Amino acid sequence: MNLSPDFIAVAGFVILFLLMLLRVPVGMAMGLVGVTGYGLIAGFEPALKLVGQTSMRTVTDYTFGVIPMFMLMGALVSVSGVSKELFRAADACIGHLRGGLGMATVLACGGFAAICGSSVATAATFSTVAYPEMRRYGYPQSFSTGVIAAGGTLGAMLPPSTVLAVYAVLTQQDIGKLFMAGILPGLLAMSMYVITIAIIVAVRPKMLPAGPRRSWPERRAALKDVWPSLVLFVFVIGGLYGGLFTPTEAGGMGAGGAFILGVLRRKLDRRNLRSALLQATRTAAAVFTVLIGALLFGYFLTITQAPQRLTEFLTGLGVGRYGVLALIMVMYLVLGCLMDAMAMIIL
């Protein structure tokens, strides 16, 4: 039975979402649907050859080296205790205000995201750093988890964002320019989260307690611990924007800088180094699995001409550029309930 490419494309999307609902990993689901759909149209022998070629080309591509390098930098920074230092500094400055711990968590998430580059890592790290503190001072559980989840999203916007790096490589855009473009939305989101907490305090002042007020010597001591993170961020991002090194080299320099700072500050022993290497390797392997699956799914979409058909459909609606943008935002809102940022961007 001959199936039309349009039918195979629609069936492929339906099966993809069904697999994700069944908790199949996103990369595996996209790869399986992509290879099967491609095989139904072009034959399974070229489809299986495509798997080997795509996998080898992806993991050996120099440009994709930016991903594990930035992930290693984030892992080294994480095990060195930078997240605790950022939270302690923010807490020392504004923790005495009502809702101050929540604001401190958002600001610390932003600072950590600017070094780590991962939403998942940012949220996971502050689940262990900030959540116990907020609960200890009587913050509601729903508020505490919501603040950490919202703060974690900053990792997808603030440079060096792994999501933006992957998107830039896939769409052949300039990584440095995308990093620069992510600064303003990231700062805006962080500011709006803080303003939202302030509004909650104004409307329901008894909901969020105030923490103890720190003395000025304690504040200065807490802020003094933040300088290594600031130096590392300025060194990596400044060197990237200044043209001193390429994005892949920036990732390598960042990982090297994080290692040197951890050793000099005696925060990085053999056990922590092993933990960071394993963490970065696992995360990079997961990202590359999603990347390979997305590329295979992309070949399937290309051979079915689904992107062209979708473009024709959207332009035929007559809703204009902002209408199309609104439809895309609605689509991302729905997809956000099903998958993480990396999978959404790639898909």
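Overview of the structure.

The rules we used
- Residues numbered from 1 in each chain as written.
- Predicted model: local features only at pLDDT ≥ 70, side-chain atom pairs only at ≥ 80, totals over all residues.
- Heavy atoms only, no water.
- Helix = DSSP H or I, 4+ residues; strand = E, 2+ residues; numbered from the N terminus.
- Rg over C-alpha atoms; globule rule 2.2 N^0.38 Å.
- Buried < 20%, exposed > 50% of the residue type's maximum accessible area, 1.4 Å probe, protein only.
- Contact = heavy atoms within 4.5 Å.
- Areas by Shrake-Rupley, 256 points an atom, 1.4 Å probe, with all protein chains shown as cover.
- Lys, Arg positive; Asp, Glu negative; His and termini not counted.
- Charge placed at Lys NZ, Arg CZ, Asp CG, Glu CD.
- Expected span 1.5 Å × (residues − 1).
- Bend = angle between axes of the 7 residues up to and from the residue.
- Polar contact = N/O pair within 3.5 Å; in protein donor to acceptor, adjacent residues only side chain to side chain.
- Phe/Tyr/Trp six-rings, centres within 6.5 Å; stacked < 30°, edge-to-face > 60°.
- Axes fitted to C-alpha atoms, helices over the stretch in contact; angles between N-to-C directions.
- Parallel < 35°, antiparallel > 145°, perpendicular 65-115°, else oblique.
- Left-handed = near helix turned anticlockwise from the far one by under 90°.

## Some points on the overall build of the protein
- A tally of regular secondary structure across the protein gives 18 helices and zero strands.
- Its C-alpha atoms give the protein a radius of gyration of 22 Å, within 12% of the compact-globule value 20 Å for 347 residues.
- Considered along the principal axes of its C-alpha atoms, the protein spans approximately 75 × 45 × 35 Å.
- Taking all 347 residues of the protein together, the buried fraction comes to 44%.
- Pairs at least 24 apart in sequence give 76% of the contacts found in the protein among residues at least 6 apart.
- Carbon and sulfur atoms make up 68% of the accessible area of the protein, which totals about 18,100 Å².
- Taking the average location of the 25 positive side-chain charges in the protein and that of its 13 negative ones, the two points are 12 Å from each other.

## With respect to helix α11 (residues 175–203)
- Counted at 1.5 Å a residue, the expected span for α11 with its 29 residues is 42 Å, and the 42 Å between its end C-alpha atoms agrees.
- By the largest-angle criterion, Ile183 marks the main kink of α11, which is about 25°, and a proline, Pro185, follows within four residues.
- Turning to α11, the residues buried within the fold contact α4 (66–79), α6 (100–116), α9 (141–152), α10 (162–171), α13 (227–241) and α14 (247–264).
- Backbone nitrogen of Gly176 and a side-chain oxygen of the N-cap are separated by 2.9 Å at the start of α11; the cap is Asp174.

## So, the packing of aromatic side chains
- For the coordinates displayed, the defined rule picks out seven aromatic pairs.
- Both rings, one in Phe64 and one in Phe288, keep their centres 6.3 Å apart while their planes meet at 75°; by these two values the pair is edge-to-face. Taken together, the residues span a long stretch of sequence, with Phe64 in the loop between α3 (44–59) and α4 and Phe288 in helix α15 (residues 270–304) at a distance of 224 residues. Here the two residues Phe64 and Phe288 agree in accessibility, since each one is buried.
- Considering the side-chain rings of Phe112 and Phe126, the 5.8 Å spacing of their centres and the 80° angle between planes classify their relative orientation as edge-to-face. Taken as a pair, Phe112 in helix α6 and Phe126 in helix α7 (residues 119–129) lie far apart in primary sequence, 14 residues in all.

## Digging into the packing of α6 against α7
- Two numbers describe how α6 lies on α7: the axes approach to 9 Å, and their chain directions differ by 135°. In terms of their interaxial angle, α6 and α7 are classed as oblique. α7 is crossed by α6, and the crossing has right-handed handedness. Residues Ala108, Cys109, Phe112, Ala113 and Cys116 of α6 pack against Ala121, Thr122, Thr125 and Phe126 of α7.

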